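Observations on the three-dimensional arrangement
If you want the building blocks of each chain, they are given just below.
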Amino acid sequence: MTASSADPHPRIRPLLLAMFLLILSVSLVKAASEYDPYKILGVSRSASQAEIKRAYKNLAREWHPDKNKDPKAEDMFIKVSKSYEVLSNEERRSNFDRYGQMDDNQPFGQSQHHGFRSFHNSFYFDESFFHFPRYPEYRDFADSKYMLQHAQFNSDVLPDSYKRPYLIQVTYESCFACFHIKPVWKEVVKELEPLGVGIGIVDLGYERRLASQLGAHRAPSIIGLVNGRVTFFHQAVVREHLRQFVEDLLPQKLVEKITDNNYMTFLENWHAENKPSLLLFDQVPVVPLLYKLTAFAFRDYVRFGYVDQGETYNSRLLRQFNINTYAPTMLLFKEDTVKPVDIIQARGMKRQIMDEFVSNNKFLQVPRLASQQIFDELCPVKQFHRRRKYCVLLITGEDSAFLPGNKAFLDFATVNKKDVLRFAYVYQRQQQPLCQALFQSQAALSPQVVILERRSQAGKVLFRCVSGGWNGSNEDKYHLHEQLELLQKDPTYLSSDATLPELNNEMAPIFIIQWMNAAYDYILQIYDDLLYSNWSEMMPILSLIFSALFILFGTVIIQAFSRAPKKDFVEVTELTDVTYTSNLVRLRPGHLNVVLVLTNASKNALLRKFAKEVFSFSGTETLHFSFLNADKHVHWMPSLLRSARQPSHSDEEEESTDYTGHVLALNGHKKYFCLFRPVFTGDDPNDSSSETSSHSRSRSHSREDGASSRRGAGRATSIEVHHKLDKLGLWMERLMEGTLPRLHVPAWPVLGDAASNTSAES
């Protein structure tokens, strides 16, 4: 028989559980009341957004951990920031006012108990609730060394971007979104900075001028800077993407892949490129970023090649130079393509070691002075007596005939290397101003050796020409050696002085290539801005562009539709009793009717000539063209001229006067006209007699001979007739300018007979 123990107080346990729940609820209510965002910011529940923002700025400045050393400053700053985040959003603020909660994910209709539970969770500022890490992850005190200012950026960082790329983060003090990328940013900085990548941080709140220069208007933003060009990072912020972003910033073809088939071509290009050649041997199939960064920094001085030791087609190259495959190896070649002048091998290749290795071998044994930059570095200006450098220049040519002398000069320089001596050569044809300054005349025809010492940045030098020229013989070498020995014993040996001009840059690309590269960079920048920019920031610019385009194309379209289609003929209407009123008497204000007076005999010839002369003016909307048949309306012209107070004519003269070829510009509204009188040019030799006969017919025939006179005019040739309008084009130009005399009439004469319409082809 077993004994079982029973609970002596079976009703006490439920009572204890109920008391525990009651105490927990009270504590939750107390916690919710203590952490009220209104109380934290010190504003009332009816406060406006401006008051809330002002209170937040004051408290954030007061409790910022970088400025306030109080241990509680960090937590207080987060509370202030989160309270402002809730109250600055009207939806979150309404949610808190109704239910006492700040969780966006919880529906508004849930119980008050769940609201307290949610607020209790927010008391501990759990990352799952706020979706942000705590503040120390955002701003590390070590970041202060990366902070950039506007003046420092333009004086130091921007010029340095031509030697190494920069990775810049744009942020500000209360940027919660920046918390997410901070761990990745620190990891990338730790990896890339030792490789030679520049690091910078721009505070959007304190350096708005610099942020505007970079084109960064929001945070967080990550920017790449290389060669003075800004590129924005738009991918997910992970270490691999940022590393690839930095690698993509570098120019292409910095490093050439070298194999057994092309290594000799690569090494022998030292003469054309005027640079040493550097080969890196390693086991990885892709070029390491460290090597690319080094190549970018020294791209103006050294040519870089990469050999993958794991490839079978590089075995001959590895055997020839006896490369150790267990560690990266660097070989540097100058004029000698068989034997390297320097070798370095290390398992952990560091950037400092590589920089020192390349810096000590930036120039060939005898480089060509192909630019002022090489001249300044190879032969610096004298600063102290112990640091003086003498430059031994060979003035030579590019033809193959000069090669033996050039080779002998290289051999001499290799044997006589000293710290105070720098050997170089100059092509006469490429650097004519330099040669003329040294020889005070045209460049010498034969090679010459000049020893010089630079005294000022303005180009002043002391120099001496080695007598006898240079052909590379042993005698020339011995004589040059003697001169150098005398120079080291007596610095006054350099007895001549001159001022040298700036050297021509032989390696500079031509203008069209520079323009194409600049245009390519500009197009890429525009594409990047349009593809990834914040459209709210781009709207003002886009609005301006589209407005200008709309005005431009709108004007063109309106003009195209409003302008009548251009015709290849001039429409000329005959003035009859039907068209007379509409084409003249009731002509619209500002419009002119240009009327040609003709006869039946001269109609076809004059209409063709008339159409040709006025065709260029046919597009003017205020001009109309008509013709008047003088055979049908004999008295109209004399009546018009009489009403314009012209000199009186007898009846015989009125009937006998020939008005063929006269042109009138009639303004029906203001009742005036301009008159064109036909004038013969005399260009056709057959016209002189015809002109005389026509003149006699129009002036000296009596009334009895009037009919025969008109028949004579009818028999006139087409050549005689069309010459009457030879000056009509000039008269039309004066008409459009408004410089013709105007003859006013009190009323227009009445027209009689009717006629039909016709058109004259242009």
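Coordinates for the structure precede this section.
Notes on the structure follow.

The rules we used
Residues numbered from 1 in each chain as written. Predicted model: local features only at pLDDT ≥ 70, side-chain atom pairs only at ≥ 80, totals over all residues. Heavy atoms only, no water. Core = buried A, V, L, I, M, F, W, Y, C linked by side-chain atoms within 4.5 Å. Buried < 20%, exposed > 50% of the residue type's maximum accessible area, 1.4 Å probe, protein only. Contact = heavy atoms within 4.5 Å. Pairing = 2+ DSSP bridges. Helix = DSSP H or I, 4+ residues; strand = E, 2+ residues; numbered from the N terminus. Axes fitted to C-alpha atoms, helices over the stretch in contact; angles between N-to-C directions. Polar contact = N/O pair within 3.5 Å; in protein donor to acceptor, adjacent residues only side chain to side chain. Phe/Tyr/Trp six-rings, centres within 6.5 Å; stacked < 30°, edge-to-face > 60°. Disulfide = S-S within 2.5 Å. Parallel < 35°, antiparallel > 145°, perpendicular 65-115°, else oblique. Left-handed = near helix turned anticlockwise from the far one by under 90°. Nonpolar A, V, L, I, M, F, W, Y, C, P; charged D, E, K, R; others polar.

Turning our eyes to something else, we now look at the nonpolar core. By size, the foremost hydrophobic cluster in this structure holds 67 residues, and its most contacted members are Leu167, Leu278, Tyr291, Phe304, Met330 and Leu369. Once residues within four sequence positions are removed from consideration, Leu167 is found in contact with Trp185, Val188, Leu192, Val197, Gly198, Ile199, Gly200, Ile222, Ile223, Phe245 and Val246. In terms of nonpolar packing, the next biggest core, distinct from the first, is built from 28 residues, Leu607, Val614, Leu725 and Leu735 among them.

Our next topic: the sheet that holds strand E4 (residues 229-232). Judged by pairing direction, the sheet is mixed, and its four strands sit side by side in the order E2-E1-E3-E4 without closing on themselves. The open sheet terminates on both sides in strands that have one partner only, identified here as strand E2 (198-203) and E4. Within the sheet, the average angular offset between the axes of one strand and its neighbour, ignoring direction, is 25°. With four bridges joining them, strand E3 (residues 221-226) and E4 adopt antiparallel strand pairing. Bridge pairing in E4 places Gly224 opposite Thr231. The strands that helix H11 (residues 239-249) touches are strand E1 (166-171), E3 and E4; relative to E3, the one it contacts most, it runs at about 30°.

The next point concerns the side chain of Thr329. Mapping Thr329 onto the fold places it in strand E8 (residues 329-333). A distance of 2.7 Å separates a polar atom in the side chain of Thr329 from a polar atom in the side chain of Gln345.

All chains considered together, the criterion is met by 16 aromatic pairs. Their ring planes at 70° and their centres at 5.2 Å tell us that Phe321 and Phe333 sit as a pair that is edge-to-face. Here the residue Phe321 occupies a position in the loop between helix H15 (315-320) and E8, and Phe333 occupies one in strand E8, the gap between them amounting to 12 residues. Each member of the pair, Phe321 as well as Phe333, carries the same accessibility label: buried. Ring centres of Phe610 and Phe625 lie 6.2 Å apart, and the angle between their planes is 75°; this geometry places the pair in the edge-to-face category. Separated by 15 residues along the polypeptide, Phe610 in helix H24 (residues 603-614) and Phe625 in strand E18 (residues 623-629) bring together distant segments of the chain. Here Phe610 matches Phe625 in class, with each residue buried. An aromatic cluster is defined as three or more aromatic residues linked by ring pairs; in this entry it consists of Phe409, Phe412, Phe423 and Trp470.

The next point concerns the state of the cysteines. Evaluation of the coordinates by the stated rule reveals one disulfide. Put simply, Cys379 and Cys391 are joined by a disulfide, and their sulfur atoms are 2.2 Å apart. Handedness of the Cys379-Cys391 disulfide follows from its S-S torsion of about 45°: it is right-handed. Taken together, the residues span a long stretch of sequence, with Cys379 in the loop between helix H17 (372-378) and strand E10 (390-396) and Cys391 in strand E10 at a distance of 12 residues. An identical accessibility class is assigned to Cys379 and Cys391; each is buried.

Turning to the packing of helix H9 (residues 178-192) against H11, a few remarks are in order. How two helices pack is summed up by the angle between their axes together with the distance between the axes. Between H9 and H11, the least distance of the axes is 10 Å, while the angle of their chain directions is 45°. The angle between the axes of H9 and H11 places the two elements in the oblique class. Helix-helix and strand crossings are classified by hand; for H9 and H11 the assignment is right-handed. Here Val184, Glu187, Val188, Glu191 and Leu192 of H9 come into contact with H11, specifically with Arg239, Leu242, Arg243 and Val246. Class assignment for the residues of the contact of H9 with H11 results in five nonpolar, no polar and four charged.

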